[in-house]
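Each chain, letter by letter, is given below.
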Amino acid sequence: MKRSALQGWALSGPALIVTGVLFLAPMALVIVYSFWQRVGGSIDQTPTLANYQKILSDPTFANSLVNSLQVVTLTVIISVLVAYPFAYVIAYKVPPKWQGILLLLAVLPFWTSYVVRSYSWLLVLAKQGVVNNALTSSGLISDPISIANTRTGTIIAFVHFFTMVCALTIYASLRQIPDTYRKAARDLGASPFRTFVAVTLPLSLPGVVVGAFLTFVLAIGDFITPQIVGGGNELLLPQVIMLQINRRGDFPLAAALSVVLLLLVVIVYLISAKKLVLRRPT
Amino acid sequence: MRSRWIRGLIPALYLLLIYSFILLPVAVLMLFSFQASALPVPPFNGPSLRWYQELFADDRMISALWHSMIIGVISALIATIIGFLAAYALTRFRPRGSQILRGLIMSPLGVSYLVIGFGLSISANQLALGKSLWMVIVGHVVVNMPLAFAIIMSQIKEEDISYEKAARDLGASEFMVISRVVIPILSPGLLAAFLLSFTLSWDEFIISLFLTRFDVTLPVEIWSALRTGLNPQTNAAGTLVFVISVVVLVSAYAFTRRRKGASR
Amino acid sequence: MTKGSQVSIQGIDKFYGQSQILDDINLEFAAGSYVVVLGPSGSGKTTLLAILGGFVEATRGSVIIDGIDVTSATPSKRPTTTVFQDYALFPHMSVGQNVGFGLAMRGIKGDDRREQVEEALQLVGLPHVFDRNVTALSGGQRQRVALARALVVKPKVLLLDEPLGALDLKLRRQMQDELAHLQHTVGTTFVHVTHDQEEAMALADTIVILRDGQVEDAGAPERLYTRPATEFAAVFMGDSNVLPASVLKDTSGVNVVSINGLDVRFDTSESAPPEVVLSIRPEYLRVDRAGDVNLGMWRVAEKHFLGPIQRLVLTSGESQLNLTLPPTHKVDISEVIHISVDKDSIALFTVEGKSA
């Protein structure tokens, strides 16, 4: 027993070193930095809450936080609403042997470079882009509308990606539900709609929660899409962080903002933790 | 009977709608990589390979491409190996506090790449380590190892322990058990972990941005190129990335099929 | 208590693409009877049950319950309910919610619903589990909840898909008794699918033996056991000694059966074909000379003590017989004993397996 425990530690050692030295330590440093201040050209290491005070008082930061939450929440809601029927159709209305290929087809477009894909959205949504082209030439509108460089553009591009993520998690949890559960509900007199509401939907919720959580975590920290597709008009939290790092070189402030970002994720995790466990039906 | 047919129509239409949405930017991307004129916007004037030629002539792009491939392979390999060892250790040896260890190993998954990249860059600064492609490998191992770990954990089954017991019973050393029994059985999971790690590393932007300076990865190079203005060359780059990804995955799939066939 | 319903299965065929799963099934189940559909895997028994329940559409044929053609009715509109092999209890609902589900679908609410659910739970022997979550129950308890859920809506026919497969032997025997008792109490027609012939005999008023999508034999357990219609039925229901034989005409023109490889002859009816197969159950063989047919001297090759009986393996030349005896009958290995059997206990089949 002793020998195995030792072997266990030895084998998991590298992973623990990576986590401890290469992840936890840098994170700790970020937290430490957040309590320092940039003064002049160097960093004053006396612990201070100045950065956090600035975040709370300065409207730029408060706004970016609110904007981020609004954009990401909308993204989560829309992505789940679009993804659920999509996953449902593939899981239940498509013959099993085609399901894998259809999922692959849905995932395939995301093997293009994220940066380039974001620029593609910019092009698609731009004033002279594909969408406006189609709308004006078909006579639906007279002048091109601006979608690119707006929050709408960011949300569209986000939803594009996260619909795929949510579809995968929802599909997985739908397939986990034994067929006999739905058969039993029908057998006992439930219509297809009532079967869905009473049995399928509740049992697929873990997949919805996982997808929503992943979407939140990935979107809230994403810099590329808001920067490229959303443009510089409205700044979200990640963009503000990058601004502090690149333009202003204020690492401590950037660190404090990063801590705020982390806290957001922790809070959301704690709220959804119970629902995140995929219940295995026995 | 008629109502059943229509019930199949609405789902089909929805699928079609969503697929159009999903494929739209990619289709536009690939279409305009063959643009003849200078701007990747409508109208599309004739297919031309001009931008692909410029792409392959662009030394910075091509070396960035190589960097991304090598970093992808190395970091994915390291992430998969380390993740596998940890997953195996935690499920077979169950050291005390394995729940906490699991949580610890998976913790990077909850942290945005931006913060990880930032943290690594200021840490490197503190240690007076310069930015380099090696640092990028480190960063990618940090974010991909938890994923590899999670994938392999989900593949390790209780039932397979009897194969390992049988091997030990027949005199195999610990190393033999792992190399001759555990790894072959887990190979689909290992491959999946490796491929996912490669794919994520290959396209990873923000950590690479933080940790590189002169030698960069492909996404960072594309980003720099785009700062100076839109041109279809980056469309060509994006299409190339796509084609390479597809080729890698298809050949991996074909490879596993052939192996399965041979072992029968 | 519901009065059971009469079920009529007429000309059912089922094809999946080119392969035929069921071939011209014609069966009649009496009202209020316990029917067991018995067969090996691949016999089509689960498909037949699914067709009865409305989950699978037959390629041809009809299902008629109490004179009403329900062939095109969906499961929710059919007067049948099914107890699935995995019980399919909704894990996110309590026992009470599970059992009351069918009632809720029929618009029965409140106290009325609660009362009926409690009644059904009493019936299956689980009076105090209304608020428990189903995941906290044992396998046997879940089985009962599944039964309660299916019976509370008072179906005309209850369909059971290998309901006892997941239970261990002792629990299975106990549940068999309870199922039989339950069926008698409620009076509903039960159609129960299984591959276990002991279970079939313990429970059924009528057994239907299916093989490769066709009905091999159907009838009361006793008749099926003692006078099986086909060789397959003889061998599937309990143990059987199978011996090939030829039929010759003796000097006076009477048909005589001659067992291959043994010096054994006996008369038989006029209509026997030249090549036949004999089937004799192990318990019908006698270790004395009192039977009609003298089977000669056999050597005891193996002896197995099985508790209530002992099983002997006997050999004579190339031939082998299985014999069962009470353990009180003392016999030694290598002993040579005389074996005989009554002519009534021999079943004759053609080479194709049909009754001769």
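Computed from a predicted structure; not experimentally measured.

Considerations on the overall build of chain C
For chain C, the helix and strand inventory stands at nine helices and 19 strands. If one aligns the C-alpha atoms of chain C with their principal axes, the spans along those axes are about 80 × 45 × 35 Å. Across the 356 residues that make up chain C, the buried fraction comes to 39%.

Digging into the arrangement of the chains
Inter-chain contacts occur across two pairs of chains; the most extensive set of contacts lies between chains A and B. A gap remains between chain B and chain C, with no contact made and the closest C-alpha atoms lying 11 Å from each other.

What about the confidence of the model for chain B?
On average, residues of chain B score 85 in pLDDT, and 93% of them reach the 70 mark or higher. Taken element by element, chain B is modelled with least confidence in helix H11 (residues 232-263) of chain B, mean pLDDT 75, and with most confidence in helix H9 (residues 206-211) of chain B, mean pLDDT 94.

A few points about the interface of chain B and chain A
Tallying the contact residues gives 67 residues for chain B and 61 residues for chain A. Only helix H1 (2-32), helix H3 (59-92), helix H4 (98-106), helix H5 (113-126), helix H6 (133-155), helix H8 (174-202), helix H10 (218-227) and H11 of chain B provide two or more residues apiece to the side of chain B that touches chain A. No other element matches the 14 residues that H1(B) contributes to the side of chain B that touches chain A. A per-class count over the side of chain B that touches chain A returns 51 nonpolar, 13 polar and three charged.

With respect to the sheet that holds strand E7 (residues 157-161) of chain C
All names here are of chain C. The six strands are arranged E6-E7-E8-E3-E9-E10 in an open sheet whose pairing can be described as mixed. Of all strands in the sheet, those with a lone pairing partner are strand E6 (80-83) and strand E10 (214-219), marking the two edges. Each strand of the sheet is rotated relative to its neighbour by a mean of 20 degrees, with strand direction disregarded. Summarising the sheet, E6 and E7 pair through four bridges and their orientation is parallel. Each residue of the ladder has a partner; that of Thr 82, found in E7, is Leu 159.

Quick word on the confidence of the model for chain C
Across chain C, pLDDT averages 91, with 99% of residues at or above 70. ipTM for the predicted complex: 0.85, alongside a pTM of 0.84.

Things to note about the interface of chain C and chain A
One frequent convention defines the size of an interface as the accessible area lost when the parts assemble. Facing 18 residues of chain C, the contacting portion of chain A comprises 18 residues. Counting residues per element, the ones that place at least two in the side of chain C that touches chain A are E6 and helix H3 (101-105) of chain C. A breakdown of the residues in the side of chain C that touches chain A according to their chemical character gives nine nonpolar, seven polar and two charged.

Some points on unusual backbone geometry
Residues and elements named next belong to chain C. The residue Tyr 87 is not glycine, and still its phi comes out positive at about 70 degrees. The residue Tyr 87 is located in the loop between E6 and helix H2 (95-99) in this model. For Tyr 87, a count of 23 C-beta atoms within 10 Å corresponds to the buried category. In this structure, Glu 162 takes a positive phi of about 40 degrees despite not being glycine. Within the element layout of this structure, Glu 162 appears in the loop between E7 and helix H6 (169-186). Judged by the 19 C-beta atoms lying within 10 Å of it, Glu 162 is partly exposed.

Observations regarding the packing of H3(B) against H6(B)
Residues and elements named next belong to chain B. Two elements in contact, H3 and H6, have axes whose closest approach is 7 Å; the angle formed by their N-to-C orientations is 40 degrees. The orientation of H3 with respect to H6, classified from their angle, is oblique. Pair H3 / H6 crosses with right-handed handedness. Within the contact of H3 with H6, the residues separate by chemical class into 18 nonpolar, seven polar and no charged.

A look at the domain arrangement of chain C
Residues and elements named next belong to chain C. Examined at the domain level, chain C breaks down into domain 1 (7-235) and domain 2 (239-350). Measuring from the centre of the C-alpha atoms in domain 1 to the corresponding centre in domain 2 gives 39 Å. Contacts between domain 1 and domain 2 engage five residues on the former and six residues on the latter. For the side of domain 1 that touches domain 2, the residue count by class is three nonpolar, one polar and one charged.

Some points on the pairing of strand E1 (residues 7-16) of chain C
A regular strand places its side chains on the two faces of the sheet in alternate fashion. Residues and elements named next belong to chain C. Both E1 and strand E2 (residues 19-29) contribute to a ladder of seven bridges, which runs antiparallel. Considered in E2, the bridge of Ile 9 is made with Leu 27. In textbook terms, the turn of a hairpin is the stretch between consecutive antiparallel strands, and for E1 and E2 this stretch comprises two residues, one of which, Gly 17, has a positive phi near 65 degrees. Across five bridges, the pairing between E1 and strand E4 (residues 60-65) is antiparallel. Bridged to Ile 9 within E4 is Val 63.

Here we look at the sheet that holds strand E15 (residues 293-305) of chain C
Residue and element names in this part refer to chain C. Taken in spatial order, the four strands make up an open sheet running E17-E16-E15-E18, and their pairing is antiparallel. Taken across any chain shown, the strands that pair with only one partner, and hence form the sheet edges, are strand E17 (319-325) and strand E18 (336-341). On average, adjacent strands in this sheet sit at an angle of 45 degrees to one another, irrespective of strand direction. Relative to E17, strand E16 (residues 310-316) is paired through seven bridges, and the arrangement is antiparallel. Along E17, the bridge assignment pairs Val 313 with Asn 322.

Definitions and limits used
- Residues numbered from 1 in each chain as written.
- Chains lettered and ligands numbered in written order.
- Predicted model: local features only at pLDDT ≥ 70, side-chain atom pairs only at ≥ 80, totals over all residues.
- Helix = DSSP H or I, 4+ residues; strand = E, 2+ residues; numbered from the N terminus.
- Buried ≥ 20, exposed ≤ 12 C-beta atoms within 10 Å, placed from the backbone.
- Contact = placed C-beta atoms within 7 Å.
- pLDDT = per-residue confidence, 0-100.
- Nonpolar A, V, L, I, M, F, W, Y, C, P; charged D, E, K, R; others polar.
- Pairing = 2+ DSSP bridges.
- Axes fitted to C-alpha atoms, helices over the stretch in contact; angles between N-to-C directions.
- Parallel < 35°, antiparallel > 145°, perpendicular 65-115°, else oblique.
- Left-handed = near helix turned anticlockwise from the far one by under 90°.
- Domains from an automatic or database assignment.

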